[in-house]
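The primary structure of each chain is shown beneath.
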Amino acid sequence: MVYLNRVTAGCAAKVAAKLEIMEPCCSVKDRIGRNMIDDAEAKGLIKPGVTTLVEPTSGNTGIGLAFVAAARGYSLVLTMPASMSLERRILLQAFGAKLVLTDPAKGMKGAVEKAKEIAAGTSNAYILQQFENPANPEIHFKTTGPEIWRDTAGTVDVLVAGVGTGGTITGAGQFLKAQKPGVRLVAVEPAESPVLSGGKPGPHKIQGIGAGFVPGVMDTQLVDEVLQVSSDDAIAMAARLATEEGLFCGISSGAAVCAAIQVAKRPDMAGKLVTVVAKRPDMAGKLVTVVAKRPDMAGKLVTVVLPSFGERYLSSVLFAKVRAECEGMAADGRIKMRDAAGREFFVPALPEDL
């Protein structure tokens, strides 16, 4: 975990980021990829060389499953909305997985339905189903939550996280609340698809969260608050994390940090530590934003989960400007610099510039 120092200017509380980009395949979903396979093997539900694993994914869970499946000898078929990045497709197939793209307009629901269709027509097929599998939050209860507790020396006060399957907030949240009941859980969802807040699903650009439905694996009773972040704000923050904090992250990391900063800027957060996750149900079983009864946050710490590394977003809108600049570069070209006074100049200098 590391403190965020520059993007958090003006915050009353400290914000600490949990870097899931340090996992073997650079995302938080590596944890559940292994644990769901371990769990199914222990129960005798799957067998290497016999079972074909099938799973719907927005990319990161598929990558987490793909490297484990390759190491253990499983065939793996993944379904993924066609709107996900090219890097995701390449990584999945590089690990030997078979990939079926689905209609992006149908979101993750479309990928789930296609996975069921494929499994029904494939002998010895087994769907691990990250949205329903208890092994998903289990690994976060056993590992992610204890790691946050240990690394913050028990000083964590708020956990902020984007919600894809809800496994991170459920498992880590259960552990943290068992240690410290006053820990607040804050869920993050796309403003364009505010399903957790009781709204309708819609298209958005924050790959990995905002599945368009409330996942069955998520314990919605744990969550204290839901914050919405727009795709544009998430993209802008992800770019800032690279240039201002040296953290090369994806768009969902940007969304989580945007929400963490919202929390950390509240006047009652002075001196506290914030960690990011979150969501909360209403009486109809949907999630709503909580705007009242916020506890006194003085002296607390906010922790935010950064779910994945930036390389799998290079072809996405996140790096569109940088990509265009790089594609336009020529050999022996010059670059524009700016000095402390704001004056622009080119290097290397030409004779006429001297």
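Residues numbered from 1 in each chain as written. Predicted model: local features only at pLDDT ≥ 70, side-chain atom pairs only at ≥ 80, totals over all residues. Heavy atoms only, no water.

A.B. asks: Before we go on, may I ask you to explain the overall build of the protein in this structure?
C.D. replies: Secondary structure assignment for the protein yields nine helices and 13 strands. For 354 residues, the compact-globule formula gives about 20 Å, and the C-alpha radius of gyration of the protein, at 21 Å, lands near that figure. Dimensions of the protein along its principal axes, counting C-alpha atoms only, are 75 × 55 × 35 Å. Partitioning the contacts of the protein with sequence separation of at least 6, the portion at a separation of at least 24 is 76%. Each charge class in the protein can be summarised by its mean position, and for the 40 positive and 36 negative side chains these summaries are 4 Å apart. (Helix = DSSP H or I, 4+ residues; strand = E, 2+ residues; numbered from the N terminus. Rg over C-alpha atoms; globule rule 2.2 N^0.38 Å. Contact = heavy atoms within 4.5 Å. Lys, Arg positive; Asp, Glu negative; His and termini not counted. Charge placed at Lys NZ, Arg CZ, Asp CG, Glu CD.)

A.B. asks: How do you make sense of the side chain of Lys 177 when you look at a structure like this?
C.D. replies: If you trace the backbone, Lys 177 turns up in helix α6 (residues 167–179). Setting aside residues up to four positions removed in sequence, Lys 177 forms contacts with Val 183, Leu 185, Leu 222 and Asp 224.

A.B. asks: For this particular structure, what's the right way to read the sheet that holds strand β6 (residues 125–127)?
C.D. replies: Remark on secondary structure: sheet strands pair via backbone hydrogen bonds, oriented parallel or antiparallel. If you trace the four strands from one edge of the open sheet to the other, you get β5-β4-β3-β6, paired in parallel fashion. At either end of the open sheet lies a strand with only one pairing partner, and these are β5 (98–102) and β6. Neighbour to neighbour, the strand axes of the sheet diverge by 20 degrees on average, direction disregarded. (Pairing = 2+ DSSP bridges. Axes fitted to C-alpha atoms, helices over the stretch in contact; angles between N-to-C directions.)

A.B. asks: In this structure, what is going on with the nonpolar core? I would like to understand it.
C.D. replies: Side chains of a nonpolar character, in soluble globular proteins, are inclined to be buried together. The biggest cluster of nonpolar side chains holds 39 residues, and the ones touching the most others in it are Leu 4, Val 160, Val 257, Val 302, Val 304 and Leu 306. With ten residues, helix α8 (residues 251–264) is the largest single contributor of residues to this core. With 23 residues, the next largest nonpolar core counts Cys 25, Met 36, Leu 65 and Ala 135 among its residues. (Core = buried A, V, L, I, M, F, W, Y, C linked by side-chain atoms within 4.5 Å. Buried < 20%, exposed > 50% of the residue type's maximum accessible area, 1.4 Å probe, protein only.)

A.B. asks: In this structure, what is going on with the packing of aromatic side chains? I would like to understand it.
C.D. replies: To describe a pair of aromatic rings, one takes the distance between the centres and the angle between the planes. Taken as a whole, this structure holds four aromatic pairs when the rule is applied. Centre to centre, the rings of Phe 248 and Phe 309 are 5.3 Å apart; their planes meet at 80 degrees, and the pair counts as edge-to-face. Taken together, the positions of Phe 248 in the loop between α7 (231–245) and α8 and Phe 309 in the loop between β11 (299–306) and α9 (320–327) put the pair 61 residues apart, joining distant regions of the chain. Given the relative accessible area of 27%, Phe 248 is considered partly exposed. On the accessibility criterion, Phe 309 (27% relative accessible area) is partly exposed. (Phe/Tyr/Trp six-rings, centres within 6.5 Å; stacked < 30°, edge-to-face > 60°.)

A.B. asks: For this particular structure, what's the right way to read the pattern of salt bridges?
C.D. replies: Side-chain pairing between opposite charges can occur once the charged atoms of the two side chains come close. Applying the stated criterion to the full structure yields 21 salt bridges. The salt bridge partner of Glu 344 is Arg 338, with a shortest N-O separation of 2.9 Å. When its relative accessible area of 46% is taken as the criterion, Glu 344 is described as partly exposed. Accessibility expressed as a relative area gives 56% for Arg 338, which makes it exposed. Through salt bridges with shared partners, a single ionic network connects Lys 18, Glu 20, Glu 23, Arg 31 and Glu 147. (Salt bridge = Lys/Arg side-chain N within 4 Å of Asp/Glu carboxyl O.)

A.B. asks: Mind showing me how you'd approach the pairing of strand β12 (residues 335–338) here?
C.D. replies: The side chains of a regular strand alternate, first on one face of the sheet and then on the other. Bridge count for β12 against strand β13 (residues 344–347) is four bridges, and the pairing is antiparallel. By the bridge assignment for β13, Ile 335 is matched with Val 347. From the end of β12 to the start of β13, which pair antiparallel, there are five residues, and Gly 342 there has a positive phi angle of about 90 degrees.

A.B. asks: Is there a simple way to explain the environment of Gly 173 in this structure?
C.D. replies: By secondary structure assignment, the location of Gly 173 is in helix α6. Given a relative accessible area of 0%, Gly 173 falls into the buried group. For Gly 173 and Gly 145, which are 28 residues apart along the polypeptide, the C-alpha to C-alpha distance reads 6.8 Å. If near-sequence neighbours (up to four positions away) are discounted, Gly 173 is found in contact with Thr 168, Leu 185 and Leu 222.

A.B. asks: How do you make sense of the confidence of the model for the protein when you look at a structure like this?
C.D. replies: Low pLDDT means the predicted coordinates in that region are not meant to be read closely. Here the protein averages 89 in pLDDT, while 91% of its residues score no lower than 70. In the model, residues 276–296 has pLDDT below 50 throughout and makes 88 contacts with residues more than four positions away in sequence or in other chains. (pLDDT = per-residue confidence, 0-100.)

A.B. asks: Please explain the packing of helix α1 (residues 29–42) against helix α2 (residues 60–72) as it appears in this structure.
C.D. replies: Axis angle and axis distance: for two packed helices, these are the angle between their axes and the distance between the axes, and together they describe the pair. At a minimum axis separation of 7 Å, α1 and α2 run at an interaxial angle of 50 degrees. Viewed along their axes, α1 and α2 adopt a mutual orientation that is oblique. In this structure, α1 meets α2 at a crossing whose hand is right-handed. Of the residues in α2, those touching α1 at Lys 29, Asp 30, Ile 32, Gly 33, Arg 34, Met 36, Ile 37, Asp 38 and Glu 41 are Asn 60, Thr 61, Gly 64, Leu 65, Phe 67, Val 68, Ala 69 and Arg 72. (Parallel < 35°, antiparallel > 145°, perpendicular 65-115°, else oblique. Left-handed = near helix turned anticlockwise from the far one by under 90°.)

A.B. asks: Looking at this structure, how should I read a nonpolar patch on the surface?
C.D. replies: Taken together, the side chains of Ile 335, Met 337, Phe 345 and Val 347 define a hydrophobic patch exposed on the protein surface, amounting to about 320 Å² of accessible area. Secondary structure elements with two or more residues in the nonpolar patch: β12 and β13. With respect to the helices and strands, the residue Val 347 is situated in strand β13. Overall, Val 347 belongs to the partly exposed group, its relative accessible area being 30%. (Patch = residues over 30% accessible without salt bridge, like charges linked within 9 Å, V, L, I, M, F, W, Y side chains within 5 Å. Areas by Shrake-Rupley, 256 points an atom, 1.4 Å probe, with all protein chains shown as cover.)

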